Amino acid sequence: MTLRALFVHLLTATGAVFAMLAMLAAVEEKWSLMFLWLVVAFAVDGLDGPLARRYDVKNNAPQFDGVLLDLIIDYLTYVFVPAYALFKSGLLPGWTGWIAIIVITFASALYFADTRMKTKDNSFSGFPGCWNMVVLVLFALSPNFWASLLIVVVLAVTMFLPVKFIHPVRTERWRTLSLPMAFAWTVFAGWAAWVDFDAQSWAHWGLVVTSIYLAFAGAAQQVLYGRDG
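Figured I'd write up the structure that's included with this text.

Cut-off values and rules
For every chain, the first residue of the written sequence is number 1, and numbering continues from 1 onward in sequence order. Side-chain atom pairs in this predicted model are given and counted only at pLDDT of 80 or more, local residue features only at pLDDT of at least 70, and totals for whole chains, interfaces and linings cover all residues. Calculation of side-chain values draws on the structure's entire complement of heavy atoms; hydrogens and water are dropped beforehand. Only DSSP runs of H or I covering at least 4 residues are called helices, and only runs of E covering at least 2 are called strands; the numbering of each starts at the N terminus. What a helix should span is 1.5 Å times the count of its residues minus one. Exposed residues in this analysis have more than 50% of their type's maximum accessible area, buried residues have under 20%, and partly exposed residues fall in between, with area computed by a 1.4 Å probe over protein chains only. Here, two residues are considered to be in contact whenever any of their heavy atoms come within 4.5 Å of each other. We define a salt bridge as a contact between a side-chain nitrogen of Lys or Arg and a carboxyl oxygen of Asp or Glu at a distance within 4 Å. Note on geometry: axes are C-alpha line fits, over the in-contact stretch for helices, and angles between N-to-C directions span 0 to 180 degrees. In these notes the angle categories are as follows: under 35 degrees is roughly parallel, over 145 is roughly antiparallel, 65 to 115 is roughly perpendicular, and the rest is oblique. The sense of a crossing depends on the near helix, which, turned anticlockwise from the far helix by less than a right angle, makes the crossing left-handed and, turned clockwise, makes it right-handed. Classes in brief: Ala, Val, Leu, Ile, Met, Phe, Trp, Tyr, Cys and Pro nonpolar; Asp, Glu, Lys and Arg charged; the others, Gly included, polar. Joining through side-chain atoms within 4.5 Å is the link that ties buried Ala, Val, Leu, Ile, Met, Phe, Trp, Tyr and Cys residues into a set, and such a set is a nonpolar core.

Some points on helix α8 (residues 175-194)
Part 1 of the reasoning: Along its 20 residues, α8 runs 28 Å from first to last C-alpha, staying within 8% of the 28 Å computed at 1.5 Å per residue.
Part 2 of the reasoning: Every buried residue belonging to α8 is among S178, M181, A182, A184, W185, T186, A189, G190, A192 and A193, and all of these are buried.
Part 3 of the reasoning: Tucked into the core, α8 has its buried residues touching α2 (31-54), α6 (131-141) and α9 (203-225).
Part 4 of the reasoning: Positive phi shows up at D196, right after α8, with a value of about 60°.

So this is what it looks like as structure tokens:
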């Protein structure tokens, strides 16, 4: 059991490698390749949590802090690399790009250290800083830069508002729907990046549908069942 628990930590740590590979691609402005690495990192992040709980890494491999390791890698793959891509790609030109990267990196650093980020039902309190998902959708849909800036600012503010966002794996309510939606989003994201965000790809519609569900399912639960329901 100890070896399996250690393996989970090693699996989590591969996210740092994928973050570096994504950053190298971003520096060369190979956006599709960058997002493919981020999608791989996203998939690993979806797997290591359940494995960590199954093999009880806190007790079987306590020499490594899995929560801290996960947060470090999440900041790289969810925040830092996507923020750089949003700035460098020109989707938010000039001063709008500067506002975006400052808001995203600053607000996310505070959010990741916020001890109130989880609700009683294991959902997130406030937008959980999944900028990798947001920026990928912006690349796919290429909205007007004012719309992109508005989305960034609103989500950054929402990080510190008492609005629920589901955790597809840990939020039990609607999990039978949330898990397939999260899996489908990952597939559509990889597909969109693989075809270099071709506007004719059906992956774009899949991204829109799954993103809407993942973005608003928590708020819907909050309205129907209360904040901790």
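Considerations on helix α1 (residues 2-27)
Part 1 of the reasoning: The terminal C-alpha atoms of α1 lie 39 Å apart, and with 26 residues this matches the ideal 38 Å at 1.5 Å per residue to within 8%.
Part 2 of the reasoning: Here α1 has its buried residues at A5, V8, H9, L11, T12, G15, F18, A19, A22, M23, A25 and A26.
Part 3 of the reasoning: For α1, the secondary structure elements touched by its buried residues are α2, α3 (57-60) and α4 (66-89).
Part 4 of the reasoning: The positive-phi residue at the C-terminal boundary of α1 is E29, with phi of around 60°.

Considerations on the pattern of salt bridges
Part 1 of the reasoning: Under the definition given, this model contains three salt bridges.
Part 2 of the reasoning: Salt-bridge contacts for K30 lead to E28; the nearest nitrogen and oxygen are separated by 3.0 Å.
Part 3 of the reasoning: For K30, a relative accessible area of 43% corresponds to the partly exposed category.
Part 4 of the reasoning: For E28, a relative accessible area of 52% translates into the label exposed.

A look at the packing of α6 against helix α7 (residues 145-158)
Part 1 of the reasoning: Two numbers describe how α6 lies on α7: the axes approach to 11 Å, and their chain directions differ by 165°. Here α6 is positioned roughly antiparallel relative to α7, judged by the angle of their axes. α7 is crossed by α6, and the crossing has right-handed handedness. Seen from α6, the contacting residues are W131, V134 and L138; seen from α7, they are S148, I151, V152, L155 and A156.
Part 2 of the reasoning: Here the contact of α6 with α7 is built from residues that sort into seven nonpolar, one polar and no charged.

Side note on the nonpolar core
Generally speaking, a soluble globular protein has its nonpolar side chains buried in company with each other.
Part 1 of the reasoning: Membership of the largest hydrophobic core comes to 55 residues, with the highest contact counts inside it found for M34, F35, L86, W131 and W185.
Part 2 of the reasoning: Those elements giving two or more residues to this core turn out to be α1, α2, α4, α5 (95-112), α6, α7, α8 and α9.
Part 3 of the reasoning: With nine residues, the top contributor of residues to this core is α6.
Part 4 of the reasoning: In contact with W131, not counting residues within four places along its chain, are Y78, V79, P82, I104, S108, V152, L155, A156 and M159.
Part 5 of the reasoning: Membership of the second largest hydrophobic core comes to five residues, among which are A5, Y55, V57 and A61.

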